[in-house]
Amino acid sequence: MPTVPVIVHTDPGRIRQIVDGLLENALRVVPSGAPIVLAVRGPNAARPGYGFIEVRDGGPGFTDADLAVVFERGALYERYRGVRKVGSGLGLALAAGLVRRLGGVIEAGHAAEGGARFTVGLPTLSLYQSRTSR
């Protein structure tokens, strides 16, 4: 958790859907005893007007080829059906669409815990106010 509050302009119901979906995916594939981390971070030098929610896990993670298509509808479902537990193949695409509609950004990568990392960036209240006052 950051030392100061991170205030973003967003729809709390949609954020709940996004976080629930990302955590559900992690819970589906992470072995018993492996970590699942939910973190909140403030703006950084690369994206100064955004606050971040991060979901990381110690599951099987993704290959670099997976990361190239992770938000495409059904792509990972086709790759991993019969290999490991998979959902419908729609969840990550829906999460990405919701994040973009909220004016945010989403990315997937490799987690320090050994599995997958999803980072959702949402516009801070000050960025939102500067965009709408123009």
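Note that this is a predicted model, so its numbers are computed, not measured.

Criteria and thresholds
Residues numbered from 1 in each chain as written. Predicted model: local features only at pLDDT ≥ 70, side-chain atom pairs only at ≥ 80, totals over all residues. Heavy atoms only, no water. Helix = DSSP H or I, 4+ residues; strand = E, 2+ residues; numbered from the N terminus. Rg over C-alpha atoms; globule rule 2.2 N^0.38 Å. Buried < 20%, exposed > 50% of the residue type's maximum accessible area, 1.4 Å probe, protein only. Phe/Tyr/Trp six-rings, centres within 6.5 Å; stacked < 30°, edge-to-face > 60°. Polar contact = N/O pair within 3.5 Å; in protein donor to acceptor, adjacent residues only side chain to side chain. Pairing = 2+ DSSP bridges.

## Quick word on the overall build of the protein
- Along the protein, the regular secondary structure elements total five helices and four strands.
- Written out in order from the N terminus, the α and β elements of the protein read α-β-β-α-α-α-β-β-α.
- A globule of 134 residues ought to have a C-alpha radius of gyration of about 14 Å, and the protein, at 15 Å, matches this closely.
- Expressed as lengths along the three principal axes of its C-alpha atoms, the size of the protein is roughly 50 × 30 × 25 Å.
- Counting all 134 residues of the protein, 40% fall into the buried class.

## Topic: the packing of aromatic side chains
- Overall, the coordinates contain two aromatic pairs when judged by the stated rule.
- Ring geometry for Phe 62 against Phe 118: centres 5.9 Å apart, planes inclined by 85 degrees, an arrangement best described as edge-to-face. Taken as a pair, Phe 62 in the loop between β2 (50–57) and α2 (64–69) and Phe 118 in strand β4 (residues 116–123) lie far apart in primary sequence, 56 residues in all.
- A relative accessible area of 14% means that Phe 62 is categorised as buried.
- Ring plane angle 65 degrees and centroid distance 6.1 Å describe the contact between Phe 71 and Phe 118, whose orientation is recorded as edge-to-face.

## Things to note about the environment of Asn 44
- Its place among the elements puts Asn 44 in the loop between β1 (36–41) and β2.
- Here Ala 46 takes part through its backbone nitrogen, which lies 3.0 Å from a polar atom of the side chain of Asn 44.
- At 2.7 Å, the side chain of Asn 44 forms a polar contact with the backbone nitrogen of Arg 47.

## A closer look at the pairing of strand β3 (residues 105–110)
- Bridge analysis of β3 against β4 gives six bridges, and the strand direction is antiparallel. Bridging across to β4, Gly 109 finds its partner in Arg 117.
- Counting the residues that bridge the hairpin from β3 to β4 gives five residues, and of these Gly 114 lies at a positive phi of roughly 105 degrees.

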